[in-house]
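Each chain is listed here by its residues.
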Amino acid sequence: MSHYAEFVIHGNDREIVAYLKGFAAGSGLERAFVFAAEAGFHTGALRERIKHHGDVTHVICDAPHRDRLRAAIKQAPPPFEFDIKEERKIERAYFPFSFETPNRKTAEMIKAVLGSLPKGVKAADYSPHEVTDPSARGPEVYSPAHEYTFSGRGVIEGDVLGVVETRHALMDIEFTKCDEISVHHAA
Amino acid sequence: MTAAVEHSLGATLAVWWTLPFAGMLLSIALFPLFAPRWWHHHYPKVALAWALVLAVPFLIEHRGEAAHEIAHVLLADYVPFIVLLWALYTVSSGILLTGTLKGAPGQNVLILASGTLLASWIGTTGASMVLIRPLLRAISWRKHRAHTVVFFIFLVSNIGGSLTPLGDPPLFLGFLHHVPFFWTLHLAPATLFLAVPLLTLFYLLDRRYYRREEAKSRGTAEVMGIRGWHNFLYLAGIVGAVLLSGVWRIGETHILGVELKIEGLVRDALLVVLGVLSLKTTSVGVHRANQFSWGPIREVAILFAGIFVTIIPALAILKAGEHGALRSLIALADSSRSYFWLTGGLSSFLDNAPTYLTFFNAALGDLLPNLPEVEAVPQLIAMHHHYLHAISCGAVFMGANTYIGNAPNFMVKSIAEEAGIEMPSFFGYIFKYSIPILIPLFLLATFVFFD
């Protein structure tokens, strides 16, 4: 398995984002890397700031493009002052998710996302429950049970950018809750 | 029963006699939150259990007095209360708003303002039922929708019901206890004081979201219309019947030893006739489109049977004033401001109808002890109207503070969720909306309207 790279970059975070977004647009690498904070990764922000004596930005890049990205960061022209503090290898990413919806359309959207996961991504420990209770149909004032409920929880794990894409798709659907993305670093 | 007997019973009851009432109200508040499916299937048994927990020892201990009190509360309070709610629910279910608005901020304000006005005439539950689905259709394409439903709960499901006894159950209970029908119009300045800033704030908030949302996804409008127009005539009939019972004096009769006013019985009979006429003359299509069923009124009938039975000791103790076991509660309520916040605070978490009745009796017990209610209420209005004003405002307005403050709140939340809107959680509603928006307005209202 080719590993993703996590770059921990010291410098002004807004300048890093602006510079690398410009780089991505100019070199056609928009889909090759993501900013950890934007993509919903758990970065341990305070611990990292203390460890690196200031602001750091985490960028996660796929294996084929990590050398180009590293070079671009190192070659950032003045006035930029970026310093790669760490470069870690990521094996895989994961995040727990859960949902509970009384809306059938939303349920279909959730099923569609979980039924067509990107290559290298799977839903582990996934346990959906679909309950229909005809006696709860219609408006109720004091016992508002829903006629239909689709609920479930699980963990999305696997290929890093696939996990990011899946989290983004789930977060766009109401009634779903996704934890931050955590990563397993390679030894 | 005479005031003296009521007074003596209230003075002898210990505070623990109110525990079944507290249990009943807490069951209504907590089970839908923590065990909704279980509650949906078992609430009649819970209501019956609490009623029996009170009635059995009460009858054993106080025999004839207890039997009379139970018969009195069921015949003089419960039956007229349920008959009115049934008639309003049946007639409002025959009114269908068709078509779709575009969900633009100005139009949403129009729906909220119309609902606020309508709620006083067809009840907060009726207005919520008639208007929530057209509102949800209008905003179906919008990305930010939950705030619209929350403001709907504030205005249509609660605050709007303040102008007549038809608007909100607490006010009808007041009417049954000799508060004149049009007295509630005194609440109009306070209602406007809250409704205008809320509508303005909603407009600004909704406009901000609207401008951020993509123009390409905007919905298209369909011609609006109303089906079941003739139900407005029945609605006028309901208003007339209730008014009639307030001004027409025929006499009294006795059923099971309980004195009942004949004009009240005539009113109830007219309400039943109007409800049946509505059922017979409204098309099946209108009822189907409104998802009409007897479910909601059945819930109200069952749960309020439990409430009305278990509330008996609490009301008797409160009527005993400083001679009763709840003298410390009465001591807390020493100004109209404290009545506003005590009634409102409890109405936020318990059903507002029994809460109103509790503080209504606390005020009578405190300010006019030992007077029969029929004499005490006109004196309360003449000499201490600001107390009744505060109790009424607290009960009606502060039901909006939580999902469990007033019956339609949960109904609206549930319908919105089934339409695909993720509503705030119980605490999300309180911390994101009630505390920052409603509480400051209520504080301002306290200084403007009460002393």
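Each chain carries its own residue numbering, running from 1 in the written order of its sequence. The naming scheme follows written order: chains are lettered A onward, ligands numbered 1 onward. Owing to the predicted nature of the model, reporting of local features is limited to residues with pLDDT of at least 70; listing and counting of side-chain atom pairs is limited to 80 or more, with chain, interface and lining totals taken over all residues.

1. Some thoughts on the domain arrangement of chain A
Residue and element names in this part refer to chain A.
Then, in step 1: On domain assignment, one finds that chain A holds domain 1 (4–91) and domain 2 (93–185).
Then, in step 2: Segmentation into domains, and thus their bounds, comes from an automatic or database assignment. Computed over C-alpha atoms only, the centres of domain 1 and domain 2 are separated by 30 Å.
Then, in step 3: It is the C-beta atoms, placed from the backbone, that decide contacts: two residues are in contact if theirs lie within 7 Å. Taken together, the 12 residues of domain 1 in the interface contact 11 residues of domain 2.
Then, in step 4: No other element matches the 4 residues that strand S4 (residues 83–101) contributes to the side of domain 1 that touches domain 2.
Then, in step 5: A class-by-class count of the residues in the side of domain 1 that touches domain 2 yields 6 nonpolar, 2 polar and 4 charged. For helices the rule is a DSSP run of H or I covering at least 4 residues; for strands it is a run of E covering at least 2, with both sets numbered from the N terminus onward. Polar here means any residue outside two lists: the nonpolar Ala, Val, Leu, Ile, Met, Phe, Trp, Tyr, Cys and Pro, and the charged Asp, Glu, Lys and Arg; Gly therefore counts as polar.

2. What about the packing of helix H3 (residues 36–92) of chain B against helix H9 (residues 262–281) of chain B?
Residue and element names in this part refer to chain B.
Then, in step 1: Axis lines are fitted to C-alpha atoms, over the contacting stretch for helices. Their N-to-C directions set the angle, which ranges from 0 to 180 degrees. Look at H3 against H9: their axes get within 9 Å of each other, and the N-to-C directions meet at 25°. Between H3 and H9, the angle falls in the class roughly parallel. In terms of crossing hand, the pair formed by H3 and H9 is left-handed. Two secondary-structure elements touch here, H3 through Val79, Pro80, Val83, Leu84, Trp86, Ala87, Thr90 and Val91 and H9 through Gly264, Asp268, Leu271, Val272, Leu274, Gly275, Ser278 and Leu279. We call two directions roughly parallel when the angle between them is under 35 degrees, roughly antiparallel when it is over 145, roughly perpendicular when it lies between 65 and 115, and oblique otherwise. By definition, any crossing whose near helix is turned counterclockwise from its far helix by less than a right angle is left-handed, and any crossing with a clockwise turn is right-handed.

3. Observations regarding the nonpolar core
Then, in step 1: Connectivity within a nonpolar core runs through C-beta atoms within 7 Å, and the core itself is a set of buried Ala, Val, Leu, Ile, Met, Phe, Trp, Tyr and Cys residues. Labels follow a simple rule on C-beta atoms placed from the backbone: if 20 or more others lie within 10 Å of a residue's own, it is buried; if 12 or fewer, it is exposed; otherwise it is partly exposed. One finds Phe152, Ile238 and Ile391 of chain B to be the most contacted residues of the largest nonpolar core, which totals 137 residues.
Then, in step 2: Per-element accounting of this core gives the leading share, 15 residues, to H3 of chain B.
Then, in step 3: Among the nonpolar cores identified, the runner-up in size contains 38 residues, and Phe33, Val34, Ala107 and Ile181 of chain A belong to it.

4. Some thoughts on the interface of chain B and chain A
Then, in step 1: Between chain B and chain A, the residue contacts involve 29 residues of the former and 16 residues of the latter.
Then, in step 2: It is helix H17 (residues 407–418) of chain B that provides the largest number of residues to the side of chain B that touches chain A, a total of 9 residues.
Then, in step 3: Taken together, the residues of the side of chain B that touches chain A sort by class into 16 nonpolar, 7 polar and 6 charged.

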